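# A closer look at the structure
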Amino acid sequence: MANKLIECVPNYSEGRDVAKIEKILDCFRGKKGVKLLDYQTDPSHNRLVVTVTGEAEPLRDAVVASFEVAVEVIDMTKHEGQHPRMGAVDVCPFIPCLNTTLEEADALAKEVAQIVGEKLGVPCFLYESSATAPHRQNLASIRKGQFEGMAEKMLDTENWTPDFGPSTIHPTAGVTAIGARIPLVAFNVNLGTDNLEIANKIARSIRHINGGYRYIKAIGIMLEDKNMAQVSMNLTDYTKTSVYRAFEAVKMEAKRYGVPVIESEVIGLLPMQALVDCAEYYLQIADFDSKQIMENRLLESEE
């Protein structure tokens, strides 16, 4: 029987302390049925983004183990960083990867949320395709108020009682959002300015919630180590709003303020097609076929 793999991309609120980061990563290293594909840290964001795949049961166990470590080593009352956050494990999405469906990813997400809520005492909100109410689908809506405002927010029991776990925040680990979703692209654009307000204005003009592109979520962030403002984006469906379209939108808006685009970056992994789409656009390749990619042909020959 072919392997059934699900991808998980947990985001931890620690991007500076190497010892803590390594302790979290060890939950995924050398585990049968689980493969650590990638991890990235950012001191400005103070965030660790892990990409891991696995079969449902071993992936569940590894992710839960990483929650246990995060709750142990991360104290949100002392956390500072440019990226919005509400918990030691801020968000934990499950994505269908190989021979799996969104429904299977959803089932695994709910199983992990139940364990984390009941065993570790961390309130869990189900989001995206796992959401139990429309106002909980958008991660930004759940995260609004961040760690510091979450206890007061959860006093509104009609709207913000968690799906699993206690009805108030964990004192040091906060809350987390867990759910199933389709693949997204985490894509950031760095600007040639230290004016954060310009990045915020660009983010507001291109993100869907303010009337911009349907599948763009965006915020402005200050990269203190580079003294540079950044437009940080999640492209929630790259097949509908492509990476190149998001990039060109930021460039166009930046021109209004006389600000150049210095560089862009991808956080974590992304589907190859997202980059192929960019190549087709910028190179104006006519009648391009993915079979023209050498690696694709080599993979076909191995099947």
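Here's a quick rundown of the structure. (Residues numbered from 1 in each chain as written. Predicted model: local features only at pLDDT ≥ 70, side-chain atom pairs only at ≥ 80, totals over all residues. Heavy atoms only, no water.)

### Some points on the overall build of the chain
Scanning the chain from N- to C-terminus turns up 10 helices and 11 strands. Of all 303 residues assigned to the chain, the portion counted as buried reaches 49%. Considering only contacts in the chain between residues 6 or more positions apart, those separated by 24 or more positions represent 72%. For the chain, the exposed area adds up to about 14,600 Å²; of that, 50% sits on carbon and sulfur atoms. (Helix = DSSP H or I, 4+ residues; strand = E, 2+ residues; numbered from the N terminus. Buried < 20%, exposed > 50% of the residue type's maximum accessible area, 1.4 Å probe, protein only. Contact = heavy atoms within 4.5 Å. Areas by Shrake-Rupley, 256 points an atom, 1.4 Å probe, with all protein chains shown as cover.)

### Focus on the packing of aromatic side chains
For the structure on display, the rule yields 4 aromatic pairs. Residues Phe187 and Phe247 carry aromatic rings whose centres are separated by 6.2 Å and whose planes lie at 70° to one another, so their mutual orientation is edge-to-face. Remark: Phe247 occurs in helix H8 (residues 243–255) and Phe187 occurs in strand S8 (residues 185–191); sequence separation between them is 60 residues. Ring geometry for Tyr244 against Tyr281: centres 4.1 Å apart, planes inclined by 5°, an arrangement best described as stacked. Taken together, the residues span a long stretch of sequence, with Tyr244 in helix H8 and Tyr281 in helix H9 (residues 272–283) at a distance of 37 residues. You can call Tyr244 buried: its relative accessible area is 17%. A relative accessible area of 40% places Tyr281 in the partly exposed class. The structure contains a cluster of three or more aromatic residues connected by ring pairs, namely Tyr244, Tyr281 and Tyr282. (Phe/Tyr/Trp six-rings, centres within 6.5 Å; stacked < 30°, edge-to-face > 60°.)

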